[in-house]
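# Geometric and topological summary
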Amino acid sequence: MDPLRVEAGELTADEIITAMTDGRRIVVRADIFGAEREMTLRHDGETFYCDTPTRLHKHDDAEEMRTCIERMGYGRTETDDV
């Protein structure tokens, strides 16, 4: 299956996590310090991964992954919808 490519803020954290748990890799494009970067988010059925240009983050559960997505600005928050 091809990765789902999105711009940061295009999907909510829940939408990203749902796609990941359905087996999709998510490639998020974001502006980091003035440069366009791509991060790959994935789930292997047990661990969530956030692969950035500088490091690989691992998260044990969906709540940890949601916190990372929201903190890094990869997903749209509920307040963005208002």
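These lines cover the structure that appears in this document, whether it is placed above or below. Predicted, not measured: the structure shown is a model, and the values here were computed from it. (Residues numbered from 1 in each chain as written. Predicted model: local features only at pLDDT ≥ 70, side-chain atom pairs only at ≥ 80, totals over all residues. Heavy atoms only, no water.)

## Here's the deal with the side chain of Thr52
Rules: Numbering goes from the N terminus for both helices and strands, where a helix is a DSSP run of H or I of at least four residues and a strand is a run of E of at least two. The definition of a polar contact used here is a pair of N or O atoms within 3.5 Å, where within protein one atom must be able to donate a hydrogen and the other to accept one, and adjacent residues in sequence count solely through side-chain atom pairs. We call two residues in contact whenever any of their non-hydrogen atoms come within 4.5 Å of each other.
Within the secondary structure, Thr52 sits in the loop between β4 (48-51) and β5 (56-59). At 2.9 Å, the side chain of Thr52 forms a polar contact with the backbone oxygen of Arg55. For Thr52, the residues in contact, after removing those within four places along its chain, are Met39, His57 and Tyr74.

## What to know about the pattern of salt bridges
Stated formally: The term salt bridge refers to a side-chain nitrogen of Lys or Arg lying within 4 Å of a carboxyl oxygen of Asp or Glu. Residue burial is assigned from relative accessible area. The probe radius is 1.4 Å, only protein chains are included, and a residue is buried under 20% of its type maximum, exposed over 50%, and partly exposed in between.
With the rule as written, the count across this model stands at 6 salt bridges. Between Arg76 and Glu15 there is a salt bridge whose closest N-O contact spans 3.9 Å. Taken together, the residues Arg76 in the segment after α2 (62-72) and Glu15 in helix α1 (residues 13-21) connect sequence positions 61 residues apart. Residue Arg76 is classed as partly exposed on the basis of its relative accessible area, which comes to 24%.

## Examining the nonpolar core
Here is the rule we go by: The set of buried Ala, Val, Leu, Ile, Met, Phe, Trp, Tyr and Cys residues whose side-chain atoms join them within 4.5 Å is what this entry labels a nonpolar core.
Membership of the largest hydrophobic core comes to 18 residues, with the highest contact counts inside it found for Ile16, Met20, Ile26, Leu41, Met65, Ile69 and Tyr74. Only α1, β2 (26-32), β3 (35-43), β4 and α2 provide two or more residues apiece to this core. Per-element tally for this core: the top contributor is α1, with 5 residues. Residues within four places of Met20 in sequence aside, it is in contact with Ile26, Leu41, Arg42, His43, Phe48, Tyr49 and Met65.

## A few points about the sheet that holds β3
Filter applied, for reference: Two strands form a pair only when DSSP identifies at least two bridges running between them. Every angle, taken between N-to-C directions, lies between 0 and 180 degrees, and every axis is a line fitted to C-alpha atoms, over only the stretch in contact when it is a helix.
Read across the open sheet, the 5 strands follow the order β1-β2-β3-β4-β5; overall the sheet is mixed. At either margin of the open sheet sits one strand with a lone partner, and together these are β1 (4-7) and β5. In this sheet, neighbouring strand axes are inclined to one another by 20° on average, regardless of whether the strands run parallel or antiparallel. On top of the sheet, α1 reaches β1, β2, β3 and β4; it is set at about 50° to β3, its chief contact. Set on the sheet, α2 makes contact with β3, β4 and β5; between it and β4 the angle comes to about 25°.

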